[in-house]
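Read off the chains here:
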Amino acid sequence: FCVWAGQPCSIRLPPSAFLRSLHGKMKPLSYDAARMVDFGLLLGVVSLGLTHKDPSVYYQCAVKAFGYVLAFTWVTQGLFQLVARSCGRLIQTSEKAQKQLIFKEIFDTVTGAAIPISCFIAWPYSRSVMGEETALRDTLDECVPFGSPVLYVLKVIAGLLVADAYNYWKHRFFHHKLLWPFHKVHHAHHNPSAFGGYAVSVFYGISTFWPIVFFSFPWVGLYVPIHAPFLGFYVLLNHYLHSGYVIAPVENALHKLYIMSSAWHNVHHEKGRVGFNYKDQTFSEISCLWDLWMGTYPQGHYEQTVAKSNKAAQ
């Protein structure tokens, strides 16, 4: 991989004449129009429960999931913000830095993340309540042929690579001018707190969390002792990425593993703006490898963040 040779890969495929013409004619929605589309999408996601074989069971599960999701999210966000403030160093110290809009972050989290997530969770949850199989398994034998740990590790690695690539390109496309009105909700928070990690538009939330539906399919075969801790880690990582603080030992560990860190992601909120090819920001959501490969980060930013975290950890 050329990033380890010190040369980020900058890939920009030239569009065809037809696509250039089509792109030139398409105009982005206004912010208010995008909110109307979000409202329609929210109604659509909620209404899909009517297609369930037993809608009453589905909606009972969705309501319970909504309560669990909000309780877990708000409690962990609050605790994480307190820990970050007591143990970390504030990133944006300028007097011009935006104040953290915590109440707006909470509202956007409910509409853009909690409701869609709950509706998606309700599909596998309702199957479990009705005594049907889901993707979640307690033994490796039910997840891969012969219960082979090697095969399952390969399956997990493949899944992580696909998820990492999907989230990078999804995020980057939402910075295109046509999708930016939907992602602008998240970027209203230039100086986020841990409560802003899931403060997104409905469209962005659906685009991020729809894979939860795969938990409904038994053939997916997910080994709970591995996937449950990983999902918990990802949720907590997202809190940290948006906390507005850096904790030196955490930054140092994440950088060594090429995992996104608070220092790396905060620049995305500070600099983030419309532009698919605006590269003076970051787009990664899990690992920082795609940013490094595509050169979508402020030049010298990676080296500076690693040096600062190493210095602070000494």
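Data block above holds the structure.
Residues numbered from 1 in each chain as written. Predicted model: local features only at pLDDT ≥ 70, side-chain atom pairs only at ≥ 80, totals over all residues. Heavy atoms only, no water.

J.: What's the story with the packing of helix α5 (residues 149-173) against helix α7 (residues 202-209) in this structure? I'm lost.
T.: Each pair of packed helices gets described by two things: the angle between the helix axes and the distance between those axes. The geometry of α5 relative to α7 is characterised by a closest axis approach of 10 Å and an angle of 165° between their N-to-C directions. Overall, the two elements α5 and α7 adopt an arrangement that is roughly antiparallel. With respect to the hand of their crossing, α5 and α7 are arranged in right-handed fashion. Between α5 and α7, the contacting residues are Y166, N167, K170 and H171 on the first element and Y204, S207 and T208 on the second. (Axes fitted to C-alpha atoms, helices over the stretch in contact; angles between N-to-C directions. Helix = DSSP H or I, 4+ residues; strand = E, 2+ residues; numbered from the N terminus. Parallel < 35°, antiparallel > 145°, perpendicular 65-115°, else oblique. Left-handed = near helix turned anticlockwise from the far one by under 90°. Contact = heavy atoms within 4.5 Å.)

J.: Just to check I follow, could you spell out the packing of aromatic side chains for this structure?
T.: Geometrically, a pair of aromatic rings is defined through the distance of the ring centres and the angle of the planes. What the rule picks out here adds up to 20 aromatic pairs. Here Y58 and Y59 contribute two aromatic rings whose centre-to-centre distance is 5.0 Å and whose plane-to-plane angle is 85°, an arrangement assigned as edge-to-face. Given the relative accessible area of 0%, Y58 is considered buried. On the basis of relative accessible area, Y59 is assigned to the partly exposed category, the value being 25%. Ring centres of Y166 and W210 lie 6.3 Å apart, and the angle between their planes is 85°; this geometry places the pair in the edge-to-face category. Of this pair, Y166 sits in helix α5 while W210 sits in the loop between α7 and β3 (222-223), placing them 44 residues apart in sequence. Through a chain of ring-to-ring contacts, three or more aromatic side chains come together here, namely Y168, W169, F173, F276, F283, W290 and W293. In this structure, R35 is placed above the aromatic ring of Y31, and the distance from its NZ or CZ to the ring centre is 4.5 Å. In this structure, R172 is placed above the aromatic ring of F276, and the distance from its NZ or CZ to the ring centre is 4.4 Å. (Phe/Tyr/Trp six-rings, centres within 6.5 Å; stacked < 30°, edge-to-face > 60°. Buried < 20%, exposed > 50% of the residue type's maximum accessible area, 1.4 Å probe, protein only. Lys NZ or Arg CZ within 6 Å of the ring centre and 35° of its normal.)

J.: Any chance you could explain helix α2 (residues 31-47) here in plain terms?
T.: Note on helix geometry: an α-helix contains 3.6 residues per turn, so any two residues three or four positions apart are oriented the same way. Taking 1.5 Å per residue, 17 residues should reach 24 Å; α2 reaches 24 Å between its end C-alpha atoms and fits that length. Among the residues making up α2, those that are buried are A34, D38, L42 and V45. Each buried residue of α2 sits inside an arc of 90° when the element is viewed along its axis, so together they form one side. Away from its buried face, by an angle of more than 90 degrees, α2 presents the exposed residues D32, M36 and F39. Of the surrounding secondary structure, the elements contacted by the buried residues of α2 are α3 (55-87), α4 (102-129), α6 (180-183) and α7. (Expected span 1.5 Å × (residues − 1). Arc of directions from axis to C-beta.)

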